[in-house]
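Coordinate inspection notes
Residue strings, one per chain:
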Amino acid sequence: MTDLILTEQSGAVRTLTLNAPERRNPISDLPMVDALDAAIKAADADPGVRVVVLTGAGSAFSSGGDLKKMAPGQGLRDALPARTRANYRAGIQRLPILFQSLDVPVIAAINGPAVGAGCDLACMCDVRIAGQSAMFAESFVKVGLIPGDGGAWLLPRIVGFSRACELALTGDMIDAAEALACGLVSRVVADEDLLATAHALAERIAANPPHAVRMTKRLLREGQTASLVNLLELSAAMQALAHATVDHDEAVSAFIERRSPTFSGD
């Protein structure tokens, strides 16, 4: 059986590739959810992984849900609505909770259409870089559904409430240029440069002390929902940890000695 997630390690950067190109990389099926869950958790638990790059095989980033498996009794949908609810909670809804809990930074390299849950998967990542052929649609309403995977929480935090409403209530597709204009992605590059650009950014992140990077990422995520007072308290505690690292001492010494620092991850 073909691996649903391809894993490649280059230095401290791990690339994860959704690998069902013949179906445009849907993520609603439980085997894909399980495979992505396991791959992401393994990266987060590995101190040798400082950044993750997530992309899709073939011409699409992710088509989201597999419409061919949305008949009663297939995929997430059960003849009994209570079981459908349980299927969502045990299936695709694990992903936004997982991504929100990660310490390792994740860069989405969006190589083609990111539709429905595929768009929301991109939104779960910390940084989004799009190839010129990338397309985005929060398209659930087009098939009589709602964003059941957390899109109604994710999208407004990225593009603002009004733009999120426009995208989610129309289900319209937007191109990479429009995604850049509304802040859905941070940059757009030529398709052939996408992975190289994502990896170059990943390397710049990975060059920094890993404990500081992971704690900074954690603070940014907590800042999405925490009060200022609570975030400052957490920041003080994490800063105490950062001050105690070997890498912080190395950075200070390198600054005083006017040399480039060498970070060990300690």
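Relevant structure appears above.
What you see is a predicted model; the values in this text were computed from it and never measured.

Notes on the pairing of strand β3 (residues 51-56)
- Counting buried residues in β3 gives six out of six residues, a clear majority hidden from the surface.
- Burial along β3 is two-sided: Val51, Val53 and Thr55 facing one way and Val52, Leu54 and Gly56 facing the other are all buried.
- Two strands pair when backbone bridges link them, and strand β2 (residues 13-18) and β3 are joined in this way by six bridges, in the parallel orientation. Pairing of Val13 across the sheet is with Val51, part of β3.
- Regarding the hand of the β-α-β motif, the stretch spanning β2, helix α1 (residues 30-45) and β3 is right-handed.
- Examined bridge by bridge, β3 and strand β4 (residues 106-110) share three bridges and lie parallel to one another. Note on β4: the bridge partner recorded for Val52 is Val106.

Section: the pairing of β4
- Of all five residues in β4, five are buried, a share of seventy percent or more.
- When β4 meets strand β6 (residues 127-131), the two strands line up parallel, connected through four bridges. Directly across from Ile110, in β6, lies its bridge partner Ala130.

A few points about the packing of aromatic side chains
- Applying the stated rule across the entire model yields zero aromatic pairs.
- Sitting over the face of the ring of Trp153, Arg157 holds its NZ or CZ atom 3.7 Å from the ring centroid.

Comments concerning unusual backbone geometry
- Even without being glycine, Asn25 reaches a positive phi, approximately 55°.
- Positionally, Asn25 belongs in the loop between β2 and α1.
- Despite not being glycine, Arg258 has its phi angle at roughly 55°, a positive value.
- Inspection of the secondary structure assignment puts Arg258 in the segment after α11 (246-257).
- Here Arg258 falls in the exposed class, since its relative accessible area comes to 80%.

Regarding helix α4 (residues 117-124)
- Taken across its eight residues, α4 has eight buried, putting it largely inside the fold.
- Those residues of α4 not exposed but buried are Ala117, Gly118, Cys119, Asp120, Leu121, Ala122, Cys123 and Met124.

With respect to the pattern of salt bridges
- Applying the stated rule across the entire model yields 17 salt bridges.
- Across the pair Lys41 and Asp37 runs a salt bridge, and its minimum N-O distance is 3.2 Å. Of this pair, Lys41 and Asp37 both sit in helix α1, four residues apart, which is roughly one turn of the helix.
- On the basis of relative accessibility, which here comes to 46%, the residue Lys41 falls in the partly exposed class.

Let's talk about the environment of Cys125
- As for its placement among the helices and strands, Cys125 is situated in the loop between α4 and β6.
- With 26 residues separating them along the chain, Cys125 and Phe99 place their C-alpha atoms 7.0 Å apart.
- If we ignore the near neighbours within four places in the chain, the residues touching Cys125 are Leu54, Phe99, Val106, Ala108 and Arg221.

What about the nonpolar core?
- In terms of nonpolar packing, the biggest core is built from 49 residues, with Leu36, Leu54, Phe99, Ile110, Leu121, Phe136 and Leu184 touching the most fellow members.
- Excluding its chain neighbours within four sequence positions, the residues that come into contact with Leu54 are Leu16, Leu18, Leu36, Phe61, Phe99, Val106, Ile107, Ala108, Ala109, Leu121 and Cys125.
- If you look at the next biggest cluster of nonpolar residues, it comprises 13 residues, including Ala12, Leu201, Ala202 and Ala206.

Concerning the packing of helix α9 (residues 210-222) against helix α10 (residues 228-243)
- Where α9 meets α10, the axes come as close as 11 Å, and the angle between the chain directions of the two elements is 175°. In terms of their interaxial angle, α9 and α10 are classed as roughly antiparallel. Side by side, α9 and α10 meet where Met215, Arg218, Leu219 and Glu222 of the first sit next to Leu231, Leu234, Ser235, Met238, Leu241 and Ala242 of the second.

Conventions and cut-offs
Residues numbered from 1 in each chain as written. Predicted model: local features only at pLDDT ≥ 70, side-chain atom pairs only at ≥ 80, totals over all residues. Heavy atoms only, no water. Buried < 20%, exposed > 50% of the residue type's maximum accessible area, 1.4 Å probe, protein only. Helix = DSSP H or I, 4+ residues; strand = E, 2+ residues; numbered from the N terminus. Pairing = 2+ DSSP bridges. Right-handed = clockwise from strand over helix to strand, strands pointing away. Phe/Tyr/Trp six-rings, centres within 6.5 Å; stacked < 30°, edge-to-face > 60°. Lys NZ or Arg CZ within 6 Å of the ring centre and 35° of its normal. Salt bridge = Lys/Arg side-chain N within 4 Å of Asp/Glu carboxyl O. Contact = heavy atoms within 4.5 Å. Core = buried A, V, L, I, M, F, W, Y, C linked by side-chain atoms within 4.5 Å. Axes fitted to C-alpha atoms, helices over the stretch in contact; angles between N-to-C directions. Parallel < 35°, antiparallel > 145°, perpendicular 65-115°, else oblique.

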